[in-house]
Every structure is written in structure tokens, then in C-alpha cells.
Amino acid sequence: MKLATPRTLLLALALAPLLSSAQTVLTTSMFVPQTHPVMKAVSQWCDDVAQATDKRVSCNILPKPVAGPAATFDAVRDGLADLSFGIHGYTPGRFVLTSVAELPFLGHSAEITSVAYQRIFERHDAFAKEHKGLKVLSVFTHGPADIYLSKRPIKTLADLGGLKFRVGGGMVKDVAQALGASAILKPSVESYELMSAGVVDGVFFPAESVPVYRLEKFIKYRTNIPGGLYNTSFAMFMNEGTWGRLPAADRAAIEKLSGEPLARRIGREWDAADQRGRAALDAIGVDSSPSSPALIEAIRQKTAPLEQQWVDAAKQKGLPNAAQVLQELRAEIAKQQR
């Protein structure tokens, strides 16, 4: 073994402080407005990461996203950004297992559903395998979604006839089709343009999204669906190479802030935003009459087959105990809602 010379030792000592203070700035791409609950939660998370790593790791949130919502997973995987979040349903056919968190009537709270979803994600490796090239930091959902319309209230399923709705991809598209609604698949950030131009008559959204996307002037009626007409599955993720280059101590610090704590953080922000959204709609007189038991039961009957469809698709994607996983998710949600 070759011994270090005094000169080599001196050089190593001189460089040690520089090496220990080496910084990683995560190029962070976000496609939602500053007022969005995910943006708020991620900004807070970034501050906590910087503190936990003694500023060795920090975020640079770009003023504009490097890619559109549907291309975000690939943009981070390919290194155009280090960090972002994505909507699984915007890339049809790519993510199958994650649709379990989008089924109707899952729960009343984004926080509870997100935490339950994260626990299921961690418990079954097949979920992570759908995210090749990415380090998934957390998965989460928005709050329970309702129906928002400009023309008329929804009292029966027949009232959906002839109306056009902006919906995202994934399970919400299947829900809309099961209910006989005419669905136009577009990213949420295009909702204002679609409603202002009269291209759609309404949206399927959580309450938060109406003011965030400035839709109040178009919305006259809200049809509340207890437990949610659907949820949307999201993931926050990092480029796998970027993650691997971080020192082990910094990865450990980031993981403590991610997973369930991050799912809970984002869920809480979304619940608070939903509450503000409902209050804003009430303040301008939006009709939010409770849905009748008959309407809720009709929706349940029409959408019930979607559960078995997910089970069958998940089995084909490598989750042999898919029915049990769905039961686990509902049990985790029920346990927290007690």
C-alpha cells in the first residue's frame, strides 16, 4: 500500500472543508400556479431539506416548467430537471397500479387519503417499479372531487346529458364515461381557457381548484359527492441519477422529510385549500345543495365496475394480490377517519 506524502496530506486537509460544504442545487420544475397547495407544500419541503442538510442540498424552483404536465415524468427521468411532481393519469397506459387511489368514494380528506396511499405504496414494491428512472419521494392525492357547472344543477344522472366537462386523464375519464358524461381530456391549467370559450360546461374538480384556476365567474352550481367522485394520483420524484449522487447522509435527511410526512404535508395544504375554495364559492352564492341519496346510489352503481377493472389490470401489471391491496387502502383510510 502506498503511503501518503506530507504534501498529499496537507492538500487533503485543505480541500476537506470545501468537499464537506459541496452543494447540490436541485433544478425544480413546477407546472402549477404559486397559489396551488402543492407549490406551497413543496416550497416548505425545500426549505426543510436545506435546513436538514446544512444547506448542502437546496431547490431552485424555475419560473417556468421545463415541460408540460404530461411530459414531466420523462423530463425528470431524462435530466431536464432534478425534481418535480407529476399526475399519473396524464400519461394513459403508463401507470396502472396508481389508479387505485383515484377510485370513487375513497374518503373525505386529502390528508387521510394521501397518507393511506403512501403506506400502500411503500408496502408493495410493484408501485415503485412503474416509475423506472425516478426516485419517488412521495405519492399523494387531492381532496374529494365534486361536479362544477355553469348551466344547471345535477339532480339525476340524466341531467349530465348533453353537457361537456373538462377532465384529466386516468380514472376520472373512466368515471365520466361510466356516468354517461361527455368528457374532454385536458390538463387542469387549461380549465380557464376551456370554460371562458364555452368549450366545456363544467369541470370535475376538488373545491380548491375552482379559485386556483379562476373559474368562479363561470361556476353557478356545485354538486357535492360525499367521499369524492374521484381522486387524482400524484407523485413527487427526483431524477434517479441525481438522487444517487447525493451523499448518504443527505439522502437519509431527505427521506425523513419525504414519504408519509410529505404526503401528510401536501394533503393538509390541499384540505385547507379545499376549505377556502368552498368558502369562496359560498360567498358568491354558488348553489351547493346536498346531493340526494338516490343520486349518490346511482353514481355508486354506475362506477362500481371500475374497481374490478382496476383489479384485473393491476394483476396483469404484476400485482397478483390486487384485490387485497384495494382492501388495504380502504382499511387504512377508514382507520384514520374514525
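Look up a bit, the structure's there.
Residues numbered from 1 in each chain as written. Predicted model: local features only at pLDDT ≥ 70, side-chain atom pairs only at ≥ 80, totals over all residues. Heavy atoms only, no water.

Draft legend 1. Up close: the packing of helix α13 (residues 305-316) against helix α14 (residues 322-337). Viewed as axis vectors pointing N to C, α13 and α14 meet at an angle of 125°, and their least axial separation amounts to 8 Å. On the basis of their axis angle, the class for α13 and α14 is oblique. Between α13, through E307, W310, V311, A314 and K315, and α14, the contact on the second element is made entirely by A322, A323, V325, L326 and R330. When the residues that make up the contact of α13 with α14 are grouped by side-chain class, the tally is seven nonpolar, no polar and three charged. (Axes fitted to C-alpha atoms, helices over the stretch in contact; angles between N-to-C directions. Helix = DSSP H or I, 4+ residues; strand = E, 2+ residues; numbered from the N terminus. Parallel < 35°, antiparallel > 145°, perpendicular 65-115°, else oblique. Contact = heavy atoms within 4.5 Å. Nonpolar A, V, L, I, M, F, W, Y, C, P; charged D, E, K, R; others polar.)

Draft legend 2. Examining the sheet that holds strand β9 (residues 221-223) more closely. Strand order across the open sheet formed by five strands is β7-β6-β8-β5-β9, with mixed pairing between neighbours. Edge positions in the sheet fall to β7 (182-185) and β9, since each of these pairs with one other strand and no more. On average, each strand axis in the sheet is tilted by 30° relative to the strand beside it, whichever way the strands run. Inspection of the sheet shows strand β6 (residues 164-167) paired to β7 by four bridges, in the parallel sense. Within β7, the residue paired with R166 across the bridge is I184. (Pairing = 2+ DSSP bridges.)

Draft legend 3. How the structure looks around the pattern of salt bridges. What the rule picks out here adds up to 20 salt bridges. Two residues, E307 and R330, come together in a salt bridge whose shortest N-O distance is 2.6 Å. Of this pair, E307 sits in helix α13 while R330 sits in helix α14, and the two are 23 residues apart along the sequence. A residue is classified by how much of its surface remains accessible, and E307, at 29% relative accessible area, is partly exposed. Taking the relative accessible area as the measure of exposure, R330 reaches 26% and is therefore partly exposed. (Salt bridge = Lys/Arg side-chain N within 4 Å of Asp/Glu carboxyl O. Buried < 20%, exposed > 50% of the residue type's maximum accessible area, 1.4 Å probe, protein only.)

Draft legend 4. Helix α10 (residues 248-257), seen in detail. Every buried residue of α10 is accounted for by D250, A253 and I254. Each buried residue of α10 sits inside an arc of 95° when the element is viewed along its axis, so together they form one side. Among the exposed residues of α10, those oriented more than 90 degrees off its buried face are A248, A249 and K256. Contact partners of the buried residues in α10: α2 (37-52), β2 (57-61), β4 (134-141) and α9 (240-245). Two residues or fewer after α10 comes G259, characterised by a positive phi angle close to 60°. (Arc of directions from axis to C-beta.)

Draft legend 5. Main features of the sheet that holds strand β3 (residues 83-87). One open sheet accounts for five strands, arranged β2-β1-β3-β10-β4; its pairing is mixed. Single-partner strands in this sheet number two, and they are β2 and β4. For this sheet, the mean angle separating the axes of adjacent strands, direction not counted, is 25°. Relative to strand β10 (residues 233-239), β3 runs antiparallel, the two sharing five bridges. Bridging across to β10, F85 finds its partner in M236. Along the sheet, helix α4 (residues 110-123) contacts β4 and β10; its crossing angle with β4, the most-contacted strand, is approximately 145°.

Draft legend 6. Geometry of the state of the cysteines. Inspection of the entire model under this criterion finds one disulfide. Bridging C46 to C59, the disulfide has an S-S length of 2.3 Å. One quick way to see it: the torsion about the S-S bond of C46 and C59 is about -85°, and its sign makes the bridge left-handed. Highlighted residues: C46 in helix α2 and C59 in strand β2, separated in sequence by 13 residues. (Disulfide = S-S within 2.5 Å.)

Draft legend 7. Structural view of the environment of V286. Residue placement: V286 occurs in the loop between α11 (260-283) and α12 (293-303). By relative accessible area, V286 is classed as buried at 8%. Distance in space between the C-alpha atoms of V286 and A207 is 12 Å, their sequence separation being 79 residues. With residues up to four places along the chain from it excluded, the contact list for V286 reads I219, K220, Y221, R222 and L281.

Interpretation in functional terms is not warranted from these geometric data alone.
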